[in-house]
Amino acid sequence: MEYARMLQNRAKGIEAQLPRSPSGLFGPNRNLICSTLERMWESIFRRSEAA
């Protein structure tokens with residue numbers, strides 16, 4: 001949720017620090033979640049900027 005909030009703020013033009021990863025979420029799982037959210041953010045907001 002913290003990462004999603006950071007991406008929402010980025011969309012609003014507010015620069016935010018990367019959130020701390022929750023306990024129990026390490027390496028590959030954390031990277032997979034972050035990269036998926038980044039790709040989603042890119043596809044949604046890059047598309048909306050072009051419109």
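The coordinates are above.
My aim in this report is to walk through the structure given alongside it, one point at a time. If you're wondering where the values come from, they're calculated on a predicted model, not measured in any experiment. (Residues numbered from 1 in each chain as written. Predicted model: local features only at pLDDT ≥ 70, side-chain atom pairs only at ≥ 80, totals over all residues. Heavy atoms only, no water.)

### Here's the deal with the overall build of the protein chain
Put simply, the rule reads: Only runs of H or I of at least four residues qualify as helices and only runs of E of at least two qualify as strands under DSSP, and these elements are numbered from the N terminus. Each residue is placed in one exposure class: buried if its accessible area under a 1.4 Å probe, protein chains only, is under 20% of its type's maximum, exposed if it is over 50%, and partly exposed if it falls in between. Using a 1.4 Å probe, accessible areas were evaluated by the Shrake-Rupley method; residue-level cover was limited to the displayed protein chains.
When its secondary structure is counted, the protein chain shows 2 helices and 0 strands. Each of the 51 residues in the protein chain was classed as buried or not, and the buried ones make up 12%. Accessible area of the protein chain: about 4,300 Å², with a carbon and sulfur share of 57%.

### So, a nonpolar patch on the surface
Put simply, the test is: Patch building starts from residues that exceed 30% relative accessible area and form no salt bridge, then joins like charges within 9 Å and nonpolar side chains (Val, Leu, Ile, Met, Phe, Trp, Tyr) within 5 Å. Put simply, a salt bridge is a Lys or Arg side-chain nitrogen that is within 4 Å of an Asp or Glu carboxyl oxygen.
Judged by side-chain polarity, Met 40, Ile 44 and Phe 45 come together as a nonpolar surface patch covering roughly 260 Å² of accessible area. Residue placement: Met 40 occurs in helix α2 (residues 27-50).

### A word on the pattern of salt bridges
This structure, assessed with the given rule, holds 2 salt bridges. Residues Glu 2 and Arg 5 are paired through a salt bridge, measuring 3.0 Å at the closest nitrogen-oxygen approach. Here the residue Glu 2 and the residue Arg 5 both occupy positions in helix α1 (residues 2-11), the gap between them amounting to 3 residues, near one helical turn. Of the charged contacts in the structure, one is a salt bridge between Glu 38 and Arg 10, with a shortest N-O distance of 3.2 Å. Residue Glu 38 is located in helix α2, and its partner Arg 10 is located in helix α1; the two are separated by 28 residues in the primary sequence.

### Considerations on the environment of Met 6
In plain terms, the rule: We call two residues contacting when some pair of their heavy atoms lies within 4.5 Å.
Turning to its location among the elements, Met 6 is positioned in helix α1. Spatially, the C-alpha atom of Met 6 lies 7.1 Å from that of Leu 18, the residues being 12 residues apart in sequence. The residues contacting Met 6, other than those within four sequence positions of it, are Ala 16, Gln 17, Leu 18, Pro 19 and Glu 38.

### Quick word on α1
Here is the rule we go by: The arc in question is traced by the directions running from the helix axis to the C-beta atoms.
Taken together, the buried positions of α1 are occupied by Tyr 3, Met 6 and Leu 7. Seen end-on, α1 carries its buried residues on one side only, within an arc spanning 100°. Looking one or two places after α1, you find Gly 13, whose phi comes out positive at around 90°.

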